[in-house]
Amino acid sequence: MDSNLLKNVRKIEIKTRGLSHQIFAGEYHSAYKGRGMAFSEVREYQYGDDVRNMDWNVTARLNAPYVKIYEEERELTVMLLIDVSGSRWFGTTEKLKKDLQAEVAAVLSFSASINNDKVGALFFSDSVEKFIPPKKGRSHLLRIIREVLEFEPKSNQTNIAEALRYLTNALKKRCTAFLLSDMLDMDAEGNIRYEQALRIAANKHDLAAIRLYDPRETVLPKVGLMQLHDAETGKEMWIDTGSRKVREQYGKWWTGSNATITQSLAKCRIDNAQISTAEDYVKPLIKLFKSR
């Protein structure tokens, strides 16, 4: 492994592991404790037992009434859906969106690990680029962080629906999933392209969206002629940021897109947090956990 990459992974581990122990572990546990009921054992029927839990096979075999006993399933499976499209390389503050993505992914991973949960990751562009099955262990978590930092996708474009469909099909049991993306996957009319897949995934899994953005994406600076490069399509164009009309149009586009995404997430009943590269991610994450 490249020494700089190793250093960055280690730095992220030290920072986020500490946060996970000191701040997030309790909040995470409260928000994402086991919800399912797992089969534990069979015992003889006792007065007051629910007849719906009768084990008829054992009852017939032993010629006496037996019931199945269930207990709360504490261990969860956590999946991180990591958007590796070209837009994650944008950043005008101390960190790029992909650096913020790595730190948030690490905090979630270590918080899950403290809760004794398994963690997996799914890296996607306009297709699923890589799937890391859920496992436990420090080396496994560090592998995920390393991949977030260094993964090089085949495509720079985005298809969130494809990632959600893959999650729905790949994991048969219900899991807790975090979608780490700027969520900007719209058609020409400004409609999001993944609402149906979002609704289906949210019905099967416990899904939360963590929307990452850079403050410079929200407003155009007044700096005269500027060349814009679309990291996902490769298209380039010149715009006049000195024009108030141009700046206002861009502001309306950003506000409208943001509102559309927020409405869609609310419609599908998906908890979400918005985190800027210019801010501390601790408060938005704790707010996300507390809102559950």
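Here, every reference points to the structure presented above.
As a convention, each chain's residues are numbered from 1 in the sequence order in which they are written. Given that this is a predicted model, residues contribute local features only at a pLDDT of at least 70 and side-chain atom pairs are listed and counted only at 80 or more, while totals for whole chains, interfaces and linings are drawn from all residues. The basis for every side-chain value is the complete set of heavy atoms in the structure, and neither hydrogens nor water enter the calculation.

*Asks:* Could you give an account of the packing of helix α6 (residues 195-204) against helix α7 (residues 244-267), naming the residues involved and the relevant values?
*Replies:* All axes here are fitted lines through C-alpha atoms, helices being fitted over the stretch that makes contact, and every angle between N-to-C directions spans 0 to 180 degrees. Put simply, DSSP H or I for four residues or longer makes a helix, DSSP E for two residues or longer makes a strand, and each gets a number counted from the N terminus. Interhelical geometry of α6 versus α7 gives an angle of 35 degrees and a closest axis separation of 10 Å. α7 is crossed by α6, and the crossing has right-handed handedness. Every residue of α7 that contacts α6 at Glu195, Leu198 and Arg199 is listed here: Ser264, Leu265 and Lys267. Think of it as three bins: nonpolar holds Ala, Val, Leu, Ile, Met, Phe, Trp, Tyr, Cys and Pro, charged holds Asp, Glu, Lys and Arg, and polar takes everything else, Gly as well. Here the residues of the contact of α6 with α7 sort into two nonpolar, one polar and three charged. Left-handed describes a crossing whose near helix is turned anticlockwise from the far helix by less than a right angle; the clockwise case is right-handed. Contacts are assigned to residue pairs with any non-hydrogen atoms lying within 4.5 Å of each other.

*Asks:* Describe in detail the packing of helix α5 (residues 160-170) against α6, supporting the description with residues and values.
*Replies:* α6 packs onto α5 with a crossing angle of 30 degrees between their chain directions and a minimal axis gap of 9 Å. On the basis of the axis angle, α5 is roughly parallel to α6. Pair α5 / α6 crosses with left-handed handedness. Side by side, α5 and α6 meet where Ala161, Leu164, Arg165 and Thr168 of the first sit next to Ala197, Leu198, Ile200, Ala201 and Lys204 of the second. Partitioning the contact of α5 with α6 into residue classes produces six nonpolar, one polar and two charged. These descriptions rest on fixed angle ranges, namely under 35 degrees for roughly parallel, over 145 for roughly antiparallel, 65 to 115 for roughly perpendicular, and the rest for oblique.

*Asks:* Run through the nonpolar core, naming residues and quoting values.
*Replies:* As used here, the term nonpolar core means buried Ala, Val, Leu, Ile, Met, Phe, Trp, Tyr and Cys residues forming a set that is joined through side-chain atoms within 4.5 Å. Here the term buried applies to any residue with accessible area under 20% of the maximum for its type, exposed to any over 50%, and partly exposed to those in between, with areas from a 1.4 Å probe on protein chains only. Counting residues in hydrophobic clusters, the biggest one holds 45 residues, and the most contacted among them are Tyr32, Leu80, Val104, Phe178, Ile210 and Leu285. Those residues in contact with Leu285 that sit more than four places away from it in its chain are Phe24, Val104, Val107, Ile210 and Ile275. Among the nonpolar cores identified, the runner-up in size contains 26 residues, and Leu164, Ala197, Ala202 and Ile270 belong to it.

*Asks:* Quick rundown of helix α3 (residues 97-114)? Include the residues and the values.
*Replies:* Under the convention used throughout, the expected extent of a helix is 1.5 Å for every residue step, that is, one less than its residue count. Taking 1.5 Å of rise per residue, 18 residues should cover 26 Å, and α3 covers 26 Å from first to last C-alpha, within 8% of that figure. Most of α3 sits out of view: 15 of its 18 residues are buried.

*Asks:* Explain the environment of Arg88 to me, and be specific about the residues and the numbers.
*Replies:* Tracing the backbone shows Arg88 in the loop between β3 (77-83) and α3. When the C-alpha atoms of Arg88 and Lys118 are compared, they prove to be 26 Å apart, with 30 residues separating the residues in sequence.

*Asks:* Quick rundown of the pairing of strand β4 (residues 118-124)? Include the residues and the values.
*Replies:* Within β4, six of the seven residues are buried, which leaves the element mostly enclosed by the surrounding structure. For two strands to be treated as a pair, DSSP must find at least two bridges joining them. In the sheet, β3 pairs with β4 via seven bridges, with the strands oriented parallel. Paired with Leu81 across the strands is Leu122, a residue of β4. Remark: the β3/α3/β4 crossover connection has right-handed handedness. As paired strands, β4 and strand β5 (residues 128-135) are joined by five bridges and run antiparallel to one another. From the neighbouring strand, Phe124 faces β5, where its bridge partner is Val128. Here β4 folds back onto β5, and the loop between the two strands holds three residues. The crossover handedness rule: strands pointing away from the viewer, path from first strand over the helix to second strand clockwise, crossover right-handed.

*Asks:* Could you give me a rundown of the side chain of Ser87, with the residues and numbers involved?
*Replies:* Tracing the sequence through the fold places Ser87 in the loop between β3 and α3. Once residues lying within four places of it in the same chain are set aside, the contact partners of Ser87 are Lys97, Asp182, Ala231 and Glu232.

*Asks:* Which residues make up the side chain of Asp214, and what are the values?
*Replies:* Tracing the backbone shows Asp214 in the loop between β7 (206-213) and β8 (225-229). Of the buried charged residues, Asp214 lacks a salt bridge, with Arg216 as the closest side chain of opposite charge at 6.0 Å. Here Arg216 takes part through its backbone nitrogen, which lies 2.9 Å from a polar atom of the side chain of Asp214. Residues contacting Asp214, with those up to four places away along its chain left out, are Phe90, Gly91, Thr92, Thr93, Lys97 and Thr277. Note that His is not counted, nor are the chain ends; the positive residues are Lys and Arg, and the negative ones are Asp and Glu. Salt bridge, as used here: a side-chain nitrogen of Lys or Arg that lies within 4 Å of a carboxyl oxygen of Asp or Glu. Polar contacts, as counted here, are pairs of nitrogen or oxygen atoms within 3.5 Å of one another; within protein the pair requires one atom able to donate a hydrogen and one able to accept it, and residues that are adjacent in sequence qualify only if both atoms are side-chain atoms.

Nothing here speaks to function; it is geometry throughout.
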